[in-house]
Amino acid sequence: MNEVRRVISIVVENESSVLSRVAGLFAGRGYNIETLTVAPIPNSKRSRITIATKGDERTIAQITKQLNKLIPVYEVVEHNEMVEKEMVLVKFPLSEPLADIEVLCEAYNGTIVNVGVDMCIGMVADEPCRIKHFIEASARFNPIEIVRGGVVAIER
Amino acid sequence: MQMNGAQMVCEALVAEGVKTVFGYPGGAIMNVYDAIYKQDGFEHILNRHEQASVHAADGYARASGEVGVAMVTSGPGFTNAVTGLATAYMDSIPLVVISGQVPQILLGTDGFQEIDAIGISRPCTKHNYLVRDIAELPRILKEAFHIARTGRPGPVLVDIPKDITAEMGEFVYPESVDLPSYMTIPKVESSAIELAVEAILKAKKPLIYIGGGAVLSNASEAIRAFAELSQIPAVETLMALGVMGAENPLRLGMLGMHGNYASNMAMSETDLIISLGARFDDRVTGKLSEFAQYAKVIHVDIDPANISKLVAVDYPIVGDVKEAVEMLVSGLKGKVQTKQYDDWREILARYDALYPQSFEDSDEIIKPQWVIERLGETLGEEAIVTSDVGQHQMWAAQHYPFDRPRQWINSGGLGTMGFGLPAALGAKKAFPNKTVINVTGDGSILMNVQELVTASEYKIPVINVILNNHFLGMVRQWQTFFYEERYSETDLTFQPNFKALAEACHGIGYDVTTKEEFDMALKDAIEQDKVAFINIQVARFENVLPMVPANAALNNMMLPKIANPDKGEK
Ligand SMILES: Cc1ncc(C[n+]2csc(CCOP(=O)(O)OP(=O)(O)O)c2C)c(N)n1
Ligand SMILES: [Mg+2]
């Protein structure tokens, strides 16, 4: 089957069970959620859930329709014309060259956000594929921990 | 008005016009039962198992078209109800099920009889609620009924912690719902209808394919008018029997795994499927890649998620079936030439003559199909027929002459053994003056047999016709055909004394081994007005035919021996 990657943006009522309803539609079909972010929409009682997933077109179309049917779902946006950003935090040991790490972060629109006694933390927010490259590039500085956030997206 | 949450539940049920509630009490729902004790707005039926309460509410809903209501306690009460919820969910039946829950302070603590009802029921309800605030209770109850009955109907669970049913609050039952995120019934677009009308006029071999949605939308009259006007032949799914009426000359029969020859051939050769509230279930389509290969598809469905879910649709029409069919009729009036499909109907008539729905009767042993035909001759349109799951269900579907929608009540989507008896109780509560027959098997009947007691206590005289083949017959049939007759765990030779069992529960029982005995038992059971078991020894190894093996193409049927070659030749 032809796998495609999709970002689905869902506007929901901000209530306790809505996330499990949304996630359940994926789980029930054996579909993996690659990334997931949820946050309240400013000045409203609604939240936005952004999900990145992979699957064949038909199943994704089916999931989108089923999402629309959930009672607390207001709107489902699923297409290619989205600006996507993702964030990553990486902890490096200070035995690595701080200046080089800083240059790397900056090359990916990021910066060093914290320096401790024996470690520093770099932060980068960029397109998902660029995040991937950044993580690959940072490998040479022996990162201690990498925490990757989910995709957030907005229609062009 | 000030009242506690339990009273609010009762008031809401009365406001919704509920006449009968099926249920079973327990700790977490006791406040509500206390309020039930003090009211006389509705009747409560104490089933002997929560699964039966939900099936009974379901049978009530299927027979009447109203929302069925069941009530259960937390924990095991709720988990017992899950099969009922799933059964209703798969067939889109409007239910409101109210469950007790542990007090809020105990939520998430593994409290006594605490189970995550919202989590468990999420995939088998249309929607569910955990009530967290007494102030929200009236609104939630109002919404539950609204959601259950509108759009594509379905079961809704309202899970109410015990402290909420005890708490006092102000009760004003809302007059309307405010659910901006809830998809309301989409209006049928006239442009979509125009395209469909054009396609129908161009087609040479169109076929009306009717599903359970046609029953839910009360579209029977409209569909009969549509077929009559256009003279397009029609097939029905298991869930749609009765929509066309058995005597309707345009009705070919039921299609699918156990559909008749002409219906399945029609579906295999049609050039235009006009799908009305059907969802292309795998038991209907057979092997998808070979399904209706020459056909364009018009698909009328209230649920957009059903469109192109399994079969690519050329003419989608989203909306209520009845409304859409009425629009199709206006669009076709004066344009459709009834003669234009004569050749097609001629071909199908020949198919039907070749392999009519038939069976080889016997004088030595009762054939199960004979029982159904006899029931049909005796009771016809008057009876409501419920069923369990297995061969008996398929024989009932194939051989009973259903004349109106809601006359045939069975669990199609989930295929729940144990559905028949409690569903019959529900149907009989909705229509006390109709004869209600549960066509069941020696396996299925034991799965909710305790409802004999309920039936006796409340004087709900339903007649259970047990087609006793001493087998889990349908599974045995598959073992015969596909497992080289290895009858693994399907032999039911060891049985209860069904007659004595019925009598022990204050009903009446009959053991039947001849046709005469059956006629007498049926007549007597109807007169006795008691819950009855008619236990009929039928041919053990009879198979349900035709049969499309799982995942074979629909026109690849195993057929009964007695074909009718002379008639087919003309
Ligand atoms: C609750 C449940 N368990 C198992 C099945 C699988 N199943 C389908 S038909 C059948 C046999 C039913 O036997 P019986 O009620 O005697 O009917 P018969 O086929 O013999 O007419 C079984 C076990 C089911 N449909 N439902
Ligand atoms: Mg049996």
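Residues numbered from 1 in each chain as written. Chains lettered and ligands numbered in written order. Predicted model: local features only at pLDDT ≥ 70, side-chain atom pairs only at ≥ 80, totals over all residues. Heavy atoms only, no water.

### Points about the layout of surface pockets
Here is step 1: Taken as a whole, the second largest pocket encloses approximately 1,300 Å³ of empty space.
Here is step 2: As for the second largest pocket, its lining consists of 43 residues, of which Arg29, Gln66 and Lys69 of chain A together with Tyr89 and Arg152 of chain B are closest to the centre.
Here is step 3: Residue assignment for the lining of the second largest pocket shows that the elements contributing at least two residues are α1 (18-27) and α2 (57-69) of chain A together with α4 (76-90) and α12 (282-285) of chain B.
Here is step 4: Per-element tally for the lining of the second largest pocket: the top contributor is α2 of chain A, with 5 residues.
Here is step 5: When the residues that make up the lining of the second largest pocket are grouped by side-chain class, the tally is 17 nonpolar, 13 polar and 13 charged. (1 Å grid on protein atoms, 1.4 Å probe; cavity = no way out; pocket = protein on both sides within 12 Å on 5 of 7 lines; lining within 4 Å. Points joined across faces, edges and corners; volume = space filled by probe spheres on them. Helix = DSSP H or I, 4+ residues; strand = E, 2+ residues; numbered from the N terminus. Nonpolar A, V, L, I, M, F, W, Y, C, P; charged D, E, K, R; others polar.)

### Considerations on empty space enclosed by the protein
Residues and elements named next belong to chain B.
Here is step 1: Counted according to the given criterion, the structure contains 3 cavities of 30 Å³ or more.
Here is step 2: Approximately 140 Å³ is the volume attributed to the largest cavity.
Here is step 3: Contributions of two or more residues to the lining of the largest cavity are made by α9 (212-216) and β16 (408-409).
Here is step 4: Each residue belonging to the lining of the largest cavity can be placed in one class, and the counts come to 7 nonpolar, 2 polar and 3 charged.
Here is step 5: Within this model, the second largest cavity holds a volume of roughly 40 Å³.
Here is step 6: Asn260, Tyr261, Tyr355, Pro356, Gln357, Ser358, Leu545, Pro546, Leu559 and Pro560 together form the lining of the second largest cavity.
Here is step 7: Across the lining of the second largest cavity, the residue classes tally to 7 nonpolar, 3 polar and no charged.

### A look at the domain arrangement of chain B
Residues and elements named next belong to chain B.
Here is step 1: Under the domain assignment, chain B is made up of domain 1 (2-169), domain 2 (190-354) and domain 3 (368-537).
Here is step 2: For domain 1 versus domain 2, the distance between C-alpha centres works out to 37 Å.
Here is step 3: On the domain 2 side, the residues contacting the 8 residues of domain 1 number 6 residues.
Here is step 4: The junction of domain 1 with domain 2 conceals about 550 Å² of combined surface from both sides, 60% of it contributed by carbon and sulfur atoms.
Here is step 5: On the domain 1 side of the interface with domain 2, the three residues burying the most area are Met90, Asp91 and Arg152, jointly 64% of the side's total. (Domains from an automatic or database assignment. Contact = heavy atoms within 4.5 Å. Buried area = accessible area lost by both parts, 1.4 Å probe.)

### Looking at the coordination of the magnesium ion (ligand 2)
Expected angles at a metal are 109.5 degrees for tetrahedral coordination by four donors and either 90 or 180 degrees for octahedral coordination by six donors.
Here is step 1: Every protein donor of the magnesium ion (ligand 2) is accounted for by Asp442 of chain B (OD), Asn469 of chain B (OD1) and Phe471 of chain B (O), and the metal-donor separations fall at 2.1 Å.
Here is step 2: Counting along the primary sequence, the residues that act as donors to the magnesium ion (ligand 2) give the motif D-x26-N-x1-F. (Donors = N, O, S within 2.8 Å, 3.2 Å for Na, K, Ca; no water.)

### Some remarks on the packing of helix α3 (residues 50-64) of chain B against helix α17 (residues 420-430) of chain B
All names here are of chain B.
Here is step 1: The contact between α3 and α17 brings their axes to 6 Å, and the two run at 45°. Relative to α17, α3 is oriented oblique. In this structure, the crossing between α3 and α17 has a hand that is right-handed. Residue-level contacts link Ala52, His55, Ala56, Gly59, Tyr60, Ala63 and Ser64 of α3 to Pro422, Ala423, Gly426, Ala427, Lys429 and Ala430 of α17. (Axes fitted to C-alpha atoms, helices over the stretch in contact; angles between N-to-C directions. Parallel < 35°, antiparallel > 145°, perpendicular 65-115°, else oblique. Left-handed = near helix turned anticlockwise from the far one by under 90°.)

### Quick notes on the nonpolar core
Residue and element names in this part refer to chain B.
Here is step 1: Counting residues in each nonpolar core, the largest one holds 45 residues, and the members touching the most others are Leu95, Val97, Leu157, Ile409, Val462 and Phe533.
Here is step 2: Counting residues per element, the ones that place at least two in this core are α3, β4 (68-72), α4, β5 (95-101), α5 (117-121), α17, α18 (451-457) and α20 (498-504).
Here is step 3: Each residue touching leucine 157, except ones within four places of it in the same chain, is listed here: Phe78, Leu85, Val97, Ser99, Ala117, Ile118, Ser121, Thr125, His127, Asn128 and Tyr129.
Here is step 4: Judged by nonpolar contacts, the second largest core, of 39 residues, contains Met71, Leu137, Ile147 and Val158. (Core = buried A, V, L, I, M, F, W, Y, C linked by side-chain atoms within 4.5 Å. Buried < 20%, exposed > 50% of the residue type's maximum accessible area, 1.4 Å probe, protein only.)

### Brief notes about the site of ligand 1
All names here are of chain B.
Here is step 1: As a matter of local geometry, ligand 1 sits amid 17 residues, with Gln391, Gly443, Ser444, Gly473 and Met474 nearest to it.
Here is step 2: One nitrogen or oxygen atom from the main chain of glycine 415 is found 2.9 Å from a nitrogen atom belonging to ligand 1.
Here is step 3: Within the contact set of ligand 1, an oxygen atom lies 2.8 Å away from a backbone nitrogen or oxygen of glycine 443.
Here is step 4: When ligand 1 sits alone it has 580 Å² of accessible area, and the protein chains cover 77% of it.
Here is step 5: Those elements that place two or more of their residues in the shell around ligand 1 are α16 (391-399) and α19 (473-482).
Here is step 6: Counting residues per element, the shell around ligand 1 draws most heavily on α19, which supplies 3 residues.
Here is step 7: Residue composition of the shell around ligand 1, by class: 7 nonpolar, 9 polar and 1 charged. (Near = heavy atom within 4 Å. Polar contact = N/O pair within 3.5 Å; in protein donor to acceptor, adjacent residues only side chain to side chain. Areas by Shrake-Rupley, 256 points an atom, 1.4 Å probe, with all protein chains shown as cover.)

### Some details on the packing of aromatic side chains
Residue and element names in this part refer to chain B.
Here is step 1: A full pass over the atoms with the stated rule returns 17 aromatic pairs over all chains.
Here is step 2: Their ring planes at 85° and their centres at 5.9 Å tell us that phenylalanine 280 and phenylalanine 291 sit as a pair that is edge-to-face. Here phenylalanine 280, found in the loop between β12 (272-276) and α12, pairs with phenylalanine 291, found in the loop between α12 and β13 (296-301); they are 11 residues apart in sequence, far enough to count as distant.
Here is step 3: The class of phenylalanine 291 is buried, set by a relative accessible area of 7%.
Here is step 4: Arranged with centres 5.8 Å apart and planes meeting at 55°, the rings of phenylalanine 471 and tyrosine 487 form a pair that is tilted. Taken together, the residues phenylalanine 471 in the loop between β18 (463-468) and α19 and tyrosine 487 in the loop between α19 and α20 connect sequence positions 16 residues apart.
Here is step 5: An aromatic cluster is built from Tyr209, Phe280 and Phe291, whose rings are joined through pairwise contacts. (Phe/Tyr/Trp six-rings, centres within 6.5 Å; stacked < 30°, edge-to-face > 60°.)

### Some thoughts on the sheet that holds strand β2 (residues 33-40) of chain A
All names here are of chain A.
Here is step 1: Spatially, 4 strands are ordered β2-β3-β1-β4 in an open sheet, and the strand pairing comes out antiparallel. Since the sheet does not close on itself, it has two edges, and those belong to β2 and β4 (73-78), each with one partner. On average, each strand axis in the sheet is tilted by 15° relative to the strand beside it, whichever way the strands run. (Pairing = 2+ DSSP bridges.)

### A short note on the interface of chain A and chain B
Here is step 1: Counting residues at the interface gives 15 residues for chain A and 19 residues for chain B.
Here is step 2: The junction of chain A with chain B conceals about 1,400 Å² of combined surface from both sides, 54% of it contributed by carbon and sulfur atoms.
Here is step 3: On the chain A side of the interface with chain B, the three residues burying the most area are Arg21, Lys69 and Ile71 of chain A, jointly 46% of the side's total.
Here is step 4: Here chain A is connected to chain B by 1 salt bridge.
Here is step 5: Lysine 69 of chain A is the salt-bridge partner of aspartate 303 of chain B, the closest N and O atoms lying 2.5 Å from each other.
Here is step 6: Applying the counting criterion to the chain A and chain B interface returns 8 residue pairs in polar contact (both at pLDDT 80 or more).
Here is step 7: Those elements that place two or more of their residues in the side of chain A that touches chain B are α1, α2 and β4 of chain A.
Here is step 8: Its residues assigned to classes, the side of chain A that touches chain B shows 5 nonpolar, 6 polar and 4 charged. (Salt bridge = Lys/Arg side-chain N within 4 Å of Asp/Glu carboxyl O.)

### Let's talk about the environment of glycine 507 of chain B
Residues and elements named next belong to chain B.
Here is step 1: The residue glycine 507 is located in the loop between α20 and β19 (508-512) in this model.
Here is step 2: Residue classification places glycine 507 among the buried residues on the basis of a relative accessible area of 9%.
Here is step 3: Taking the C-alpha atoms as reference points, glycine 507 and glutamate 489, separated by 18 residues in sequence, lie 30 Å from one another.
Here is step 4: Among all residues touching glycine 507, those that are not within four sequence positions of it are Ser456, Ala502, Lys530 and Val531.

### As for the pairing of strand β20 (residues 532-537) of chain B
All names here are of chain B.
Here is step 1: Burial runs high along β20: 5 of the 6 residues are buried.
Here is step 2: Bridge analysis of β18 against β20 gives 6 bridges, and the strand direction is parallel. Bridged to asparagine 464 within β20 is phenylalanine 533.
Here is step 3: Inspection of the sheet shows β19 paired to β20 by 5 bridges, in the parallel sense. Pairing of glycine 509 across the sheet is with phenylalanine 533, part of β20.
Here is step 4: In this view, the connection linking β19 to its parallel neighbour β20 by way of helix α21 (residues 515-528) has right-handed handedness. (Right-handed = clockwise from strand over helix to strand, strands pointing away.)

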